[in-house]
Amino acid sequence: MGCSRLPPSASMSALVFGFLVLSGLPEFAAAVTRHYTFNITLHNVTRLCQTKSIISVNGRYPGPPIVAREGDRVVVKVVNKVSNNVTIHWHGIRQLRSGWADGPAYVTQCPIQTGQTYTYNFTITGQRGTLLWHAHISWLRATLYGPIIILPTSNESYPFPKPHKEVPIIFGEWWNADPEAVISQALQTGAGPNVSDAYTINGLPGPLYNCSSKSKDTYKLKVKPGKTYLLRLINAALNDELFFSIANHTLTVVEGDASYVKPFDTDVLLITPGQTTNVLLKTKPHFPNSTFLMAARPYFTGQGTFDNSTTAGILEYVHPTKLPPSSTQNNLPLLTPTLPPVNPNATGFVTNFTRKFRSLATAKFPANVPQTVEKRFFFTVGLGTVPCPKNTTCQGPDNGTKFSASVNNISFALPSVSILQAYFFGQNGVYTTDFPTYPPVPFNYTGTPPNNTNVSNGTRVVVLPFNTSVELVMQGTSLIGAESHPLHLHGYNFYVVGQGIGNYDPNKDPANFNLIDPVERNTFGVPAGGWVAVRFQADNPGTCMVHALPLGCPHKLGLEDGMDRTGWTATQSEVTTSTH
């Protein structure tokens with residue numbers, strides 16, 4: 001049985017139990033159903049004096065926002081009008097009992113083929129803040145992405161001062177070449193993919209690039225003095241963690257990945273691919289007679305090449321009265337921010353910054369971190385190698401190997417059938433349930449690498465009993481250089497209970513775990529040459545990937561839901577790591 005297109009209704013019998021439970025919650029009394037149509041089309045865009053045809057939603061780049069309130073049902077009809085296969089992932093949405101709507105190709109669904117449609121149908125449960133949507137097949141998410149804005153229920157307010165205005169700020173990457181050709185070449189040669197030509201803010205590179213004008217190619221945020229703005233920051237870049245700062249302004253962090261945090265002030269923040277961070281910007285009380293650069297550039301810890309450039313927008317104050325002709329905004333001084341270095345010398349700043357995130361942990365917004373653990377997993381994540389095909393030359397660490405990312409020495413082999421479909425219909429031979437929960441061969445993970453850096457391929461999963469409390473330690477390795485790996489868990493939020501540099505010590509490090517108010521996220525960076533420990537409750541039956549961005553080589557955790565055969569059994573939590 002090949003990959004068939006399952007209508008969302010196929011899963012409804014399996015969702016009855018979840019629907020009955022959720023519909024009984026008081027906060028859903030005023031919930032509504034919000035309908036969207038995403039037409040996947042080609043349209044021409046010019047950046048850096050290069051005009052090319054890009055894949056977009058409704059002819060917009062970045063794509064249109066999904067706006068809903070906590071408790072709302074969201075229905076998105078996706079119509080594929082391009083020659084590429086497409087899926088859309090709703091990054092960070094819990095997808096409680098709606099796994100068919102999660103979006104990763106060949107994991108929870110088969111791709112939407114040319115001329116076909118697919119309707120994503122999900123309810124936003126217990127979340128409010130900022131998330132994002134993006135394509136989840138190959139590198140289409142280079143241009144297929146947009147914001148998800150989740151407002152509190154109509155009778156609720158923010159746990160911070162009401163802002164004067166809310167503004168999405170989306171970071172992205174721009175290639176003059178076709179991103180699909182870039183990743184295709186990398187997979188064929190085994191080399192790292194060619195780096196992007198620019199970073200972008202809301203689709204615009206800004207004035208610091210050649211052939212990028214200050215007028216039409218630069219995002220400008222116009223603000224009034226003495227006001228508070230909520231900036232919804234989203235990193236939709238494929239490959240790079242980014243530093244961000246606004247010259248001469250302090251930002252107050254209030255939320256991460258649609259979970260409120262204890263507010264803290266910062267002049268510079270770090271945001272990894274797939275993360276979102278809401279910040280309050282308090283403008284100066286009076287017109288400052290200056291404009292201010294908003295800049296973002298990468299934090300890079302690997303050994304390969306990277307896009308060592310800076311994207312920028314401009315913060316402009318609106319004068320309370322009409323400026324005289326000689327005092328236009330163009331004549332005002334432009335102040336620039338100071339950002340940390342792009343190289344590993346910034347690791348100390350990164351560690352200190354990420355540790356500032358703490359859950360509110362109040363009665364209304366509790367931190368429900370599991371206090372006891374039923375299942376423990378230790379996953380190593382990093383770059384390894386695979387041999388070149390016979391009679392070919394590759395461009396990996398040497399001409400006889402290709403780069404290959406792996407978890408516990410296994411690189412994900414993409415199936416031809418959706419894993420969730422295979423489980424639902426009892427189709428054998430698509431995946432196996434023998435993914436190792438600990439490294440098959442322990443070694444000094446952050447020290448001198450072993451002589452053999454080859455990894456194996458497989459579509460292997462870990463199956464979890466429903467509602468199991470889980471602790472997962474992700475250990476970065478230095479097989480081919482240590483680098484940071486953003487970890488994203490589909491279908492769940494997790495609590496970051498610990499992190500450190502070097503090798504994780506199961507005898508000493510748990511004593512320092514934060515089990516009181518750890519930050520709750522869906523995406524977090526595994527430190528270069530270090531580790532991160534997370535806990536979560538496996539209460540969402542279905543196929544749930546856990547992967548390091550960008551997508552490259554998944555592995556899986558699965559959930560058994562304790563229902564009969566018509567219920568969902570999770571088959572996967574995928575771990576994919578980057579090949580810079």
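Residues numbered from 1 in each chain as written. Predicted model: local features only at pLDDT ≥ 70, side-chain atom pairs only at ≥ 80, totals over all residues. Heavy atoms only, no water.

Colleague: Explain the nonpolar core to me, please; I cannot follow it from the model alone.
Modeller: Proteins that are soluble and globular tend to have nonpolar side chains buried together. If you look at the biggest cluster of nonpolar residues, it comprises 77 residues, and the most contacted ones within it are Phe171, Leu231, Leu233, Phe244, Ile246 and Leu315. Ala68, Val74, Val86 and Phe122 belong to the second largest nonpolar core, which has 34 residues in total. (Core = buried A, V, L, I, M, F, W, Y, C linked by side-chain atoms within 4.5 Å. Buried < 20%, exposed > 50% of the residue type's maximum accessible area, 1.4 Å probe, protein only.)

Colleague: I would appreciate a short explanation of the layout of surface pockets in the present structure.
Modeller: Empty space among the atoms becomes apparent when a probe as large as a water molecule is rolled across them. What the second largest pocket holds in volume is close to 780 Å³. Every element with two or more residues in the lining of the second largest pocket is listed here: strand S15 (259-266) and strand S31 (530-538). Split into classes, the residues belonging to the lining of the second largest pocket amount to 12 nonpolar, 11 polar and eight charged. (1 Å grid on protein atoms, 1.4 Å probe; cavity = no way out; pocket = protein on both sides within 12 Å on 5 of 7 lines; lining within 4 Å. Points joined across faces, edges and corners; volume = space filled by probe spheres on them. Helix = DSSP H or I, 4+ residues; strand = E, 2+ residues; numbered from the N terminus. Nonpolar A, V, L, I, M, F, W, Y, C, P; charged D, E, K, R; others polar.)

Colleague: What's the story with empty space enclosed by the protein in this structure? I'm lost.
Modeller: Evaluated as defined, the whole model comprises seven cavities of 30 Å³ or more. The computed volume of the largest cavity comes to approximately 190 Å³. Around the largest cavity sit 18 residues that line it, and Glu241, Leu270, Val350, Thr354 and Gly525 are the ones nearest its centre. Going through the elements one at a time, helix H3 (347-354) and strand S30 (523-526) are the ones with two or more residues in the lining of the largest cavity. Tallied by class, residues from the lining of the largest cavity come to eight nonpolar, eight polar and two charged.

Colleague: I would appreciate a short explanation of the sheet that holds strand S8 (residues 145-151) in the present structure.
Modeller: Where strands meet in a sheet, backbone hydrogen bonds hold them as pairs that are either parallel or antiparallel. Here we have four strands laid out as an open sheet, ordered S3-S8-S7-S5, and mixed in their pairing. Here the strands that pair on one side only, and so sit at the sheet edges, are strand S3 (66-69) and strand S5 (88-91). Strand-to-strand twist across the sheet, computed as the mean angle between neighbouring axes with direction ignored, equals 20 degrees. Examined bridge by bridge, strand S7 (residues 129-135) and S8 share six bridges and lie antiparallel to one another. (Pairing = 2+ DSSP bridges. Axes fitted to C-alpha atoms, helices over the stretch in contact; angles between N-to-C directions.)

Colleague: Can you walk me through the confidence of the model for the protein in this structure?
Modeller: If pLDDT is low for a region, its predicted coordinates should not be looked at in detail. Summarising the model, the protein shows a mean pLDDT of 87, and 87% of its residues fall at 70 or more. The low-confidence segment residues 6-29 (pLDDT under 50) makes 26 contacts with residues lying over four places distant or belonging to another chain. Contacts of residues 550-580 to residues separated by more than four positions or lying in other chains number 173 contacts, the stretch itself having pLDDT below 50. (pLDDT = per-residue confidence, 0-100. Contact = heavy atoms within 4.5 Å.)

Colleague: What's the story with the environment of Leu464 in this structure? I'm lost.
Modeller: Here Leu464 shows up in strand S25 (residues 461-465). When the C-alpha positions of Leu464 and Ala538 are compared, they lie 7.5 Å apart, and in sequence the two are 74 residues distant.

Colleague: How should I be thinking about the state of the cysteines in this particular structure?
Modeller: A disulfide bridge is the covalent bond that connects two cysteines by way of their sulfur atoms. Taken as a whole, this structure holds two disulfides when the rule is applied. The disulfide partner of Cys388 is Cys394, and the gap between their sulfur atoms is 1.6 Å. Classification of Cys388 as buried rests on a relative accessible area of 14%. Judged by its relative accessible area of 4%, Cys394 is buried. (Disulfide = S-S within 2.5 Å.)

Colleague: What should I look at first to understand the side chain of Thr277 in this one?
Modeller: Positionally, Thr277 belongs in strand S17 (residues 276-282). Once residues lying within four places of it in the same chain are set aside, the contact partners of Thr277 are Leu231, Arg232, Leu233, Val253, Glu255, Gly256, Ile271, Phe357 and Arg521.

Colleague: Explain the sheet that holds strand S1 (residues 33-47) to me, please; I cannot follow it from the model alone.
Modeller: Spatially, four strands are ordered S2-S1-S4-S6 in an open sheet, and the strand pairing comes out mixed. Of all the strands in the sheet, the pair left with one neighbour each is strand S2 (50-57) and strand S6 (117-123). Neighbour-to-neighbour, the strand axes of the sheet open up by a mean angle of 20 degrees, direction not taken into account. Note: strand S4 (residues 73-80) against S6, seven bridges, orientation antiparallel. Looking at the pairing, Lys77 lines up with Thr119 of S6.

Colleague: I tried to follow the side chain of His91 on my own but got confused; where do I start?
Modeller: Position of His91 relative to the elements: it lies in strand S5. What makes His91 buried here is its relative accessible area of 1%. One polar contact links His91 to His134, side chain to side chain, over a distance of 3.2 Å. (Polar contact = N/O pair within 3.5 Å; in protein donor to acceptor, adjacent residues only side chain to side chain.)

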